[in-house]
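Close look at the chain arrangement
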Amino acid sequence: MQLTEPQVWTLIGVFTTIVIGMLTVVSNSFVRVMRAEFRRLDEKVDGLRVVMDARFSSVERSLDGLDRDVDALTRRMLGEET
């Protein structure tokens, strides 16, 4: 068989079409999966952000209370009681 026969070129065309089609299907599936995973990751990060904001607010309130207590103790020790 030589490359000049029409059947050979037909088989080459069919094989090329199948390979390109499979590459298209696989790449589309890969992109779809990656987008879904990125959305899921974004949701997890948003949830973590909410939790961390709540915890930082709690720590900030504790530090405000601690600052008030240290200020009162300092005034008492230095004799600046008001």
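Now for a quick tour of the structure. (Residues numbered from 1 in each chain as written. Predicted model: local features only at pLDDT ≥ 70, side-chain atom pairs only at ≥ 80, totals over all residues. Heavy atoms only, no water.)

1. With respect to the overall build of the protein chain
Helix and strand content of the protein chain: 1 helix and 0 strands. Against the compact-globule benchmark of 12 Å for 82 residues, the protein chain has a radius of gyration of 34 Å, which places it well outside the compact range. Here the C-alpha coordinates of the protein chain stretch approximately 110 × 20 × 10 Å along the principal axes. Out of the 82 residues in the protein chain, the part that is buried amounts to 2%. A total accessible area of about 7800 Å² is found for the protein chain, and carbon and sulfur atoms account for 65% of it. Side-chain charges of the protein chain comprise 11 positive and 13 negative groups, with the mean position of each set lying 7 Å from the other. (Helix = DSSP H or I, 4+ residues; strand = E, 2+ residues; numbered from the N terminus. Rg over C-alpha atoms; globule rule 2.2 N^0.38 Å. Buried < 20%, exposed > 50% of the residue type's maximum accessible area, 1.4 Å probe, protein only. Areas by Shrake-Rupley, 256 points an atom, 1.4 Å probe, with all protein chains shown as cover. Lys, Arg positive; Asp, Glu negative; His and termini not counted. Charge placed at Lys NZ, Arg CZ, Asp CG, Glu CD.)

2. A look at a nonpolar patch on the surface
Together, Phe30, Val31, Met34, Phe38, Leu41 and Val45 make up an exposed nonpolar region whose accessible area comes to about 530 Å². Here Phe38 shows up in helix 1 (residues 6-78). (Patch = residues over 30% accessible without salt bridge, like charges linked within 9 Å, V, L, I, M, F, W, Y side chains within 5 Å. Salt bridge = Lys/Arg side-chain N within 4 Å of Asp/Glu carboxyl O.)

3. Examining the pattern of salt bridges
One pass over the full model with this rule turns up 3 salt bridges. The residue Arg40 makes a salt bridge to Glu37 at a minimum N-O spacing of 3.5 Å. Placement of both Arg40 and Glu37 in helix 1 is noted, with a separation of 3 residues, approximately one turn of the helix. Two residues, Asp46 and Arg49, come together in a salt bridge whose shortest N-O distance is 3.1 Å. Of the two residues, Asp46 and Arg49 are both situated in helix 1; the distance of 3 residues between them amounts to about one turn of the helix. In this structure Asp46 comes out as partly exposed when scored by relative accessible area, which is 41%.

4. Here we look at a negative patch on the surface
On the surface, Glu60, Asp64, Asp67 and Asp69 cluster together into a negatively charged patch. Relative to the helices and strands, Glu60 is located in helix 1. Classification of Glu60 by relative accessible area gives exposed; the value is 51%.

5. What to know about the environment of Ile12
Within the secondary structure layout, Ile12 lies in helix 1. A C-alpha to C-alpha distance of 84 Å links Ile12 and Val70, two positions 58 residues apart in sequence.

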